[in-house]
Amino acid sequence: MSLPPRPHQIPGSFVATLLELGHHHNATILRELADGSRRYNELLTTLADIPEPVIGASLRELDGDGLVRRRVDPGPPLRVLYELTEAGLDLAPSLGAIEAWARRTKV
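Rules of the game
Within each chain, residue numbers correspond to sequence positions counted from 1 in written order. Only residues with pLDDT of at least 70 get local features here, since the model is predicted, and only at 80 or more are side-chain atom pairs given and counted; chain-wide, interface and lining totals rely on the full set of residues. Side-chain metrics in this entry use all non-hydrogen atoms of the structure; hydrogen atoms and water are not considered. Strands are runs of DSSP state E lasting at least two residues, helices are runs of H or I lasting at least four, and both sets are numbered from the N terminus onward. Whether two residues are in contact is decided by their heavy atoms, any of which lying within 4.5 Å being enough. What makes a salt bridge here is a side-chain nitrogen of Lys or Arg within 4 Å of a carboxyl oxygen of Asp or Glu, nothing more. Only protein chains enter the calculation, and the probe is 1.4 Å; a residue is then buried if its accessible area is under 20% of its type maximum, exposed if over 50%, and partly exposed in between. Directions pointing from the helix axis toward each C-beta atom define the arc. Distance thresholds for patches are 9 Å for like charges and 5 Å for nonpolar side chains (Val, Leu, Ile, Met, Phe, Trp, Tyr), applied to residues having over 30% relative accessible area and no salt bridge. Note on areas: Shrake-Rupley with a 1.4 Å probe; residue coverage comes only from the protein chains shown. Simply put, an axis is a line fit to the C-alpha atoms, just over the touching stretch for a helix, and the angle between two N-to-C directions goes from 0 to 180 degrees. Any angle that is under 35 degrees is reported as roughly parallel, and any over 145 degrees as roughly antiparallel; angles of 65 to 115 degrees are reported as roughly perpendicular and all others as oblique. Gly is put with the polar residues, along with every residue not named as nonpolar or charged; the nonpolar set is Ala, Val, Leu, Ile, Met, Phe, Trp, Tyr, Cys and Pro, and the charged set is Asp, Glu, Lys and Arg.

Its location among the elements puts A87 in helix α5 (residues 86-105). Sequence separation of A87 and L67 is 20 residues, and the distance between their C-alpha atoms is 5.6 Å. Setting aside residues no more than four positions away along its own chain, A87 makes contact with G66 and L67.

Attention now moves to the pattern of salt bridges. Applying the stated rule across the entire model yields six salt bridges. The closest approach of N and O atoms between E99 and R31, which form a salt bridge, is 2.6 Å. A residue pair is termed long-range when its members are at least 10 positions apart, and E99 in helix α5 and R31 in helix α2 (residues 26-33) qualify at 68 residues. Look at E99 and you get partly exposed, because its relative accessible area is 27%. Classification of R31 by relative accessible area gives partly exposed; the value is 29%. With a shortest N-O distance of 3.2 Å, R38 and E32 are connected by a salt bridge. In this structure, R38 and E32 share a single accessibility class: buried. A single salt-bridge network, built from bridges that share partners, covers R31, E99 and R103.

Taken together, the buried positions of α2 are occupied by N26, I29, L30, E32 and L33. All buried residues of α2 fall inside an arc of 160° around its axis, so they share one side.

Here we come to the side chain of S58. Here S58 lies in helix α4 (residues 52-64). Filtering out sequence-adjacent residues up to four positions away, S58 remains in contact with H24, H25, N26 and I29.

Moving on, we come to a nonpolar patch on the surface. Among the surface-exposed residues, F14, V15, L18 and L19 lie close enough to one another that they form a single nonpolar patch of about 380 Å² accessible area. Assignment of secondary structure puts V15 in helix α1 (residues 12-22). According to the relative accessible area criterion, V15 is partly exposed, its value standing at 40%.

Relative orientation of the contacting elements α2 and α4 amounts to 75°, with a least axis distance of 10 Å. Classified by the interaxial angle, the pair formed by α2 and α4 is roughly perpendicular. Taken together, the residues of α4 that come into contact with α2 (itself represented by N26, I29, L30 and L33) are I55, S58, L59, E61 and L62. Split by residue class, the contact of α2 with α4 holds six nonpolar, two polar and one charged.

Written out as structure tokens, the structure reads:
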């Protein structure tokens, strides 16, 4: 017999979200895309301290999780843009608040 969850327990989805944001540099990439869509090369430039393979893997992961969308603009020239989905846009203010808290507390 399983007991019902207690009201003070943290939902598993909350923990999973924190783990997802902490994976690689996902939160950093999401914060960058919160300012608007970016081409892959723009992300490589603005996130120069993150290795290119990590950025690529994180974008694929975030796309698979429904937080980032890869959009192809046929051009010419052909452009591949990355942007936040509705779910990513919903998350952006929370990331901003966490970033502000981290700056204030220097954690």
